[in-house]
Amino acid sequence: MQSHKTQFLELALELGALRFGEFELKSGRISPYFFNAGQLSTGRAAAQLGRSYAAALAEAGLRFDMLFGPAYKGISLVALTAAALAEHHGLDCPYAYNRKEAKDHGEGGTRIGAQISGRVVIVDDVITAGTAVTEAVQIIEAGGGVAAGVLVALDRQEVAAGSRRSAVSELAEQLGIPVLSIVSLHDLLAHMRSQQDYAQYLPAMRAYRERYGAK
């Protein structure tokens, strides 16, 4: 497994951003694991998180001109990713983000940061219903840009409700752009198999993947 994936998983597990147990998801499914990027809330974690996003994007070989972060979690993530791209990959990439409510004074509007143009990668934490990503695509197109892809932290590789395909795959087809991730459920399981500390959780994880995993 690539080093940036291992480093991300170790950090998420250390700080409790990735936890094991029983968690009810918005879909109503009872998941044996849960990811909350909000737990990565220290300076060290932020720096590593930015490096992990940047490494995943650089490795993908996707052509892009700038980054966009949907409010709210995407705001810090897009800034960290842009900083890490400049510092570790020699890419001085502009970025922008949106606010939920339009500002009627100062610069006004809902968009902040660089002028949207060219091919834009959307940076967020996870994809659930895909609403935030769809709204981001609309903002990018309204600003004169073109959505080039989506980059998230974790792809759960689960089928969408009433479907045999993953929610990520369906969103990628709907929008016509690739959806990338730092790690996937496959990566998480591989990491767990290499660490004796997580052996007790593997049966539940495998059973969940068998029931809900995208084939």
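Here, the structure is the one placed above.
(A) Expanded view of the overall build of the protein chain. Helix and strand counts for the protein chain come out as seven helices and eight strands. Viewed in the frame of its principal axes, the protein chain has a C-alpha envelope of about 55 × 40 × 30 Å. Residues counted as buried form 47% of the 215 residues belonging to the protein chain. Here the analysis covers contacts within the protein chain between residues at least 6 apart in sequence; of these, 69% occur between residues at least 24 apart.

(B) A look at the packing of aromatic side chains. All chains considered together, the criterion is met by five aromatic pairs. Aromatic pair Y208 and Y212: ring centres 4.9 Å apart, planes at 55 degrees, arrangement tilted. You can see Y208 and its partner Y212 sitting in helix α7 (residues 202-212), four residues apart, about one turn around the helix. Each member of the pair, Y208 together with Y212, is buried. Joined through ring pairs, the aromatic side chains of F20, Y198 and Y201 make up one cluster. A cation over a ring is seen here: R156 above Y33, with NZ or CZ 4.2 Å from the ring centre.

(C) Layout of helix α5 (residues 167-175). Of the positions making up α5, those classed as buried are V168, L171 and A172. The buried residues of α5 occupy one face: seen down the axis, they fall within an arc of 100 degrees. More than 90 degrees from the buried face of α5, the exposed residues found are E173 and Q174. Lining the buried residues of α5 we find α4 (131-142), β7 (146-155) and β8 (179-184). Phi turns positive one or two residues past the end of α5, at G176, with a value near 75 degrees.

(D) Examining helix α2 (residues 43-60) more closely. Its 18 residues place the ends of α2 26 Å apart at the C-alpha level, agreeing with the 26 Å of an ideal helix rising 1.5 Å per residue. Inspection of α2 places A45, A46, Q48, L49, G50, S52, Y53, A54, A55, A56 and L57 among the buried residues, and these make up the whole buried set. Where α2 is buried, its residues meet α1 (3-14), β3 (66-69), α3 (73-89), β6 (119-123), β7 and β8. Trailing α2 by a residue or two, G61 shows a phi angle of about 70 degrees, which is positive.

(E) Just the pattern of salt bridges, in detail. Under the defined criterion, the tally for this structure stands at six salt bridges. For E158, the salt bridge identified is with R29, shortest N-O distance 2.8 Å. In this pair, E158 sits in the loop between β7 and α5 while R29 sits in the loop between β1 (18-24) and β2 (30-35), placing the two residues 129 residues apart along the sequence. Ionic contacts of the salt-bridge type, sharing partners, join the residues R29, R156 and E158 into one network.

(F) Examining the packing of α1 against α2 more closely. Following both chains from N to C, one finds α1 and α2 inclined at 150 degrees, their axes separated by 9 Å at the closest point. Between α1 and α2, the interaxial angle falls into the category roughly antiparallel. Remark: the crossing between α1 and α2 carries left-handed chirality. Residue-level contacts link H4, Q7, F8, L11 and E14 of α1 to R44, A45, Q48, L49, S52, A55, A56 and E59 of α2. Looking at the contact of α1 with α2 residue by residue, the class counts come to six nonpolar, four polar and three charged.

(G) Fine view of the nonpolar core. Core analysis: the largest hydrophobic core is formed by 43 residues, its most contacted members being F8, F35, L67, V121 and L188. Here this core gets six residues from one element, more than from any other, and that element is α2. When residues no more than four places from it in sequence are discounted, the contact partners of L67 are L57, V78, T81, A82, L85, C93, P94, Y95, A96, V120, V121 and V123. I127, V152, V168 and V179 belong to the second-largest nonpolar core, a separate cluster that totals 20 residues.

Cut-offs and rules
Residues numbered from 1 in each chain as written. Predicted model: local features only at pLDDT ≥ 70, side-chain atom pairs only at ≥ 80, totals over all residues. Heavy atoms only, no water. Helix = DSSP H or I, 4+ residues; strand = E, 2+ residues; numbered from the N terminus. Buried < 20%, exposed > 50% of the residue type's maximum accessible area, 1.4 Å probe, protein only. Contact = heavy atoms within 4.5 Å. Phe/Tyr/Trp six-rings, centres within 6.5 Å; stacked < 30°, edge-to-face > 60°. Lys NZ or Arg CZ within 6 Å of the ring centre and 35° of its normal. Arc of directions from axis to C-beta. Expected span 1.5 Å × (residues − 1). Salt bridge = Lys/Arg side-chain N within 4 Å of Asp/Glu carboxyl O. Axes fitted to C-alpha atoms, helices over the stretch in contact; angles between N-to-C directions. Parallel < 35°, antiparallel > 145°, perpendicular 65-115°, else oblique. Left-handed = near helix turned anticlockwise from the far one by under 90°. Nonpolar A, V, L, I, M, F, W, Y, C, P; charged D, E, K, R; others polar. Core = buried A, V, L, I, M, F, W, Y, C linked by side-chain atoms within 4.5 Å.

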